[in-house]
Amino acid sequence: MSDADEKQAHTATVRRLEQSSGKLAAAAIARMDQQLPWYRAMPPENRSWIGLVAQAGIAAFTEWFRHPDAPQAISTDVFGTAPRELTRAVTLRQTVEMVRTTIEVMESAVDELAPPGGETALRNALLVYAREIAFATAQVYAQAAEARGAWDARLESLVVNAVISGEADESDVSRASALGWRAPEHVVVVLGSAPNGDSELTVEAIRRAARYAKLQVLTGVLGKRLVVIAGGSDEPVQAARALIGPFAAGPVVAGPVVGDLLSATRSARAAAAGLRACAAWPDAPRPVLADDLLPERAMAGDPAARTLLVEEIYRPLEQAGSALLETLSVYLEQASSLEGAARMLFVHPNTVRYRLRRVTDVTGWPPSDVRSAFTLRIALMLGRLADGDASS
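Named according to an unreviewed UniProt entry, the protein is Helix-turn-helix domain-containing protein originating from Streptomyces chisholmiae. Quoted verbatim from the Sequence similarities (unreviewed entry) heading of the UniProt record, the comment on the protein is "Belongs to the CdaR family."

So, in structure tokens, the structure goes:
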């Protein structure tokens, strides 16, 4: 075929493509309806988006075929009718099936679209176009995923900041829900130092650890601090241990378990106070419960820790009778000696032993344990100070 014949065949093919674009789009939609179950199951609005994309794709091919020598690739504007809606409503695999179906319809119509001698040129053009549109499809979904990831990261940062600052409200619950937070019954906040380097990698490492441990998480790096709001476990130490890998060296503190995201501000407050007080207990386990740091927190000026020590240790002992308070106080003053306490109280050592078991039952802190004895001593001091302030 001479150059003049090729040019004439090309012009005729472009004209037929323009005239047949509507019919080709309708044929593509009809074939999708026949061959793609997911398309038939979609709501009318989504099907209309796909129809618009099919029409835009055929129109783009026509324009592209009109100027074969122009150094241009297929533009992602093919998906410009509703790019965000399309990527949310239709998966990448489904989009590939949609594009393949449209190309097959056009290939089956080559003999009608091209004049004699122009069939090969049109088929070759369709092959190139199919490759280019595949690249355009991948680019659209990659851009949508990147934008969605950036938006999700901003939402997550807002929620984490609100919880840490104590300003979380119902709007933050809605934001968390948009991120996939499914309102677990048990929530705990874990704090520690963030490692140096890319914070996005740290956050992704937390998410991987959470998936493995079957925990829900909202997480972020705030300054030098790595914050994790974990849901789905009523064992805070166990949850913290499952997520501890991405934390930098240093203490990792788990706040108390709370019932929902709004209450997580209380867990975060306790964890933050515990993290500040950890320097006073160099041998603290890692991770450590914020409530295990109550004496250090109280000495560091945490009013919540002081209140807990008084209300959960001193007041119950006071209500249980003066004998328990007196026995505990003497026992601690006698360097945790049963015999020494018994001599000071003029009772049998077994009586002291019985009363100390009662102290454990009432407070949950066994006086015979060194760490518990320290906590009990601080609670007694704070309780007496509180009583002194009340009487003055």
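### Considerations on the side chain of Glu156
Along the chain, Glu156 falls in helix H7 (residues 119–165). A distance of 2.3 Å separates polar atoms of two side chains, one belonging to Glu156 and the other to Arg207. Not counting chain neighbours up to four residues away, the residues in contact with Glu156 comprise Leu179, Arg207, Val217, Leu218 and Thr219.

### Description of helix H11 (residues 264–277)
Look at H11: 20 Å from first C-alpha to last across 14 residues, which is about the 20 Å you get at 1.5 Å a residue. Within H11, eleven of the 14 residues are buried, leaving the element largely enclosed by the surrounding structure. When H11 is considered as a whole, its buried residues turn out to be Ala264, Thr265, Ser267, Ala268, Ala270, Ala271, Ala272, Ala273, Gly274, Leu275 and Ala277.

### Comments concerning the nonpolar core
Within the largest apolar cluster, 33 residues are counted, with the highest numbers of intra-cluster contacts made by Leu17, Met32, Trp38, Ile50, Phe61 and Leu122. For this core, the secondary structure elements donating two or more residues are helix H1 (3–35), helix H2 (37–40), helix H3 (44–66), helix H5 (92–108), helix H6 (110–113) and H7. By residue number, the principal contributor to this core is H3, which donates seven residues. Residue contacts for Trp38: discarding those within four places in its chain leaves Ile50, Val90, Gln94, Glu97 and Met98.

### Looking at the environment of Glu119
If you trace the backbone, Glu119 turns up in helix H7. Residues Glu119 and Thr13, 106 residues apart in the sequence, show an inter-C-alpha distance of 9.0 Å. The residues contacting Glu119, other than those within four sequence positions of it, are Val110, Asp111 and Ala114. Within the structure, Glu119 has its side chain in polar contact with the backbone nitrogen of Gly117 (distance 3.0 Å).

### Digging into the pattern of salt bridges
In this structure the tally under the stated criterion is 14 salt bridges. A salt bridge links Arg123 to Asp111, with the shortest nitrogen-to-oxygen separation between them at 3.4 Å. One end of the pair, Arg123, is in helix H7; the other, Asp111, is in helix H6, and twelve residues separate them in sequence. Taking relative accessible area as the criterion, Arg123 reaches 40% and is therefore assigned partly exposed. Where Asp291 meets Arg297, a salt bridge forms, and the shortest distance between an N and an O atom there is 3.7 Å.

### Brief notes about the layout of surface pockets
In this structure, the largest pocket occupies an estimated 620 Å³ of space. What lines the largest pocket is a set of 25 residues, and nearest its centre among them are Asp152, Glu156, Val203, Arg207 and Thr219. Sorting the residues of the lining of the largest pocket by element identifies H7, helix H9 (199–213) and strand S2 (216–222) as the ones contributing at least two each. Classifying every residue of the lining of the largest pocket by side-chain character gives eleven nonpolar, seven polar and seven charged.

### Concerning H9
For H9, with 15 residues, the first-to-last C-alpha span of 21 Å sits near the 21 Å given by 1.5 Å per residue. Looking only at H9, the buried set comprises Thr202, Val203, Ala205, Ile206, Ala209 and Ala210. The buried residues of H9 occupy one face: seen down the axis, they fall within an arc of 160°. In this structure, H9 carries Glu200, Leu201, Arg211 and Tyr212 as exposed residues pointing more than 90 degrees from its buried face.

### A closer look at the side chain of Arg371
Relative to the helices and strands, Arg371 is located in helix H17 (residues 370–391). At 2.5 Å, the side chain of Arg371 forms a polar contact with the side chain of Glu296. Residues in contact with Arg371, not counting those within four places in the same chain, are Trp281, Asp292, Leu293, Pro295 and Glu296.

### With respect to a negative patch on the surface
A surface patch of negative charge is lined by Glu167, Asp169, Glu170 and Asp260. Inspection of the secondary structure puts Glu167 in the loop between H7 and helix H8 (170–178). What makes Glu167 exposed here is its relative accessible area of 59%.

### Thoughts on the sheet that holds strand S5 (residues 288–289)
As summarised here, the arrangement of the five strands in space is S2-S3-S1-S4-S5, forming an open sheet in which the pairing is mixed. A single partner strand is all that each edge strand has here, and the edge strands are S2 and S5. Judged from the seven bridges that link them, S2 and strand S3 (residues 225–231) form a sheet pairing that is antiparallel. Within S3, the position partnered with Val221 by the bridge is Leu226. Seen against the sheet, H11 touches strand S1 (187–193), S3 and strand S4 (252–254) and runs at an angle of roughly 30° to S1.

Here is what the cut-offs are and how they apply
Just so you know, the residues in each chain are numbered from 1, in the order the chain's sequence is written. Owing to the predicted nature of the model, reporting of local features is limited to residues with pLDDT of at least 70; listing and counting of side-chain atom pairs is limited to 80 or more, with chain, interface and lining totals taken over all residues. Side-chain figures throughout are based on the complete set of non-hydrogen atoms in the structure, without hydrogens or water. UniProt positions are given in the numbering used here, feature names are shortened, and annotations may be inferred rather than shown by experiment. For the purposes of this entry, the term helix denotes a DSSP run of H or I that reaches at least four residues, the term strand denotes a run of E that reaches at least two, and both are numbered from the N terminus. Whenever two N or O atoms come within 3.5 Å, that pair is a polar contact, provided that in protein one can donate a hydrogen and the other can accept it, and provided that, for residues adjacent in sequence, both atoms are side-chain atoms. Residue contacts are defined here by distance: any two heavy atoms, one from each residue, within 4.5 Å place the two residues in contact. Multiplying one less than the number of residues by 1.5 Å gives the expected span of a helix. Exposed residues in this analysis have more than 50% of their type's maximum accessible area, buried residues have under 20%, and partly exposed residues fall in between, with area computed by a 1.4 Å probe over protein chains only. Buried Ala, Val, Leu, Ile, Met, Phe, Trp, Tyr and Cys residues form a nonpolar core when they are joined through side-chain atoms within 4.5 Å. Counted as salt bridges are all cases of a side-chain nitrogen of Lys or Arg within 4 Å of a carboxyl oxygen of Asp or Glu. Buriedness for pockets is judged along seven lines, at least five of which must meet protein on both sides within 12 Å for an open set on the 1 Å grid over protein atoms alone, while cavities are sets there where a 1.4 Å probe fits but cannot get out, and lining residues have an atom within 4 Å of a point. Grid points are joined across faces, edges and corners, and a volume is the space filled by probe spheres set on the points. All residues other than Ala, Val, Leu, Ile, Met, Phe, Trp, Tyr, Cys, Pro, Asp, Glu, Lys and Arg, Gly among them, are scored as polar; the first ten of these are nonpolar and the last four charged. The arc in question is traced by the directions running from the helix axis to the C-beta atoms. Patches were defined on residues exceeding 30% relative accessible area and lacking a salt bridge, with like-charge contacts within 9 Å and nonpolar side-chain contacts (Val, Leu, Ile, Met, Phe, Trp, Tyr) within 5 Å. Each accessible area is a Shrake-Rupley estimate made with a 1.4 Å probe; only the visible protein chains count as cover when residues are assessed. Charge counting treats Lys and Arg as positive and Asp and Glu as negative, with His and both chain ends excluded. The location of each charge is read from NZ of Lys, CZ of Arg, CG of Asp or CD of Glu. In short, DSSP must find at least two bridges between two strands for them to pair. Interaxial angle, 0 to 180 degrees, is taken between N-to-C directions of lines fitted to C-alpha atoms, where a helix line uses only the stretch in contact.

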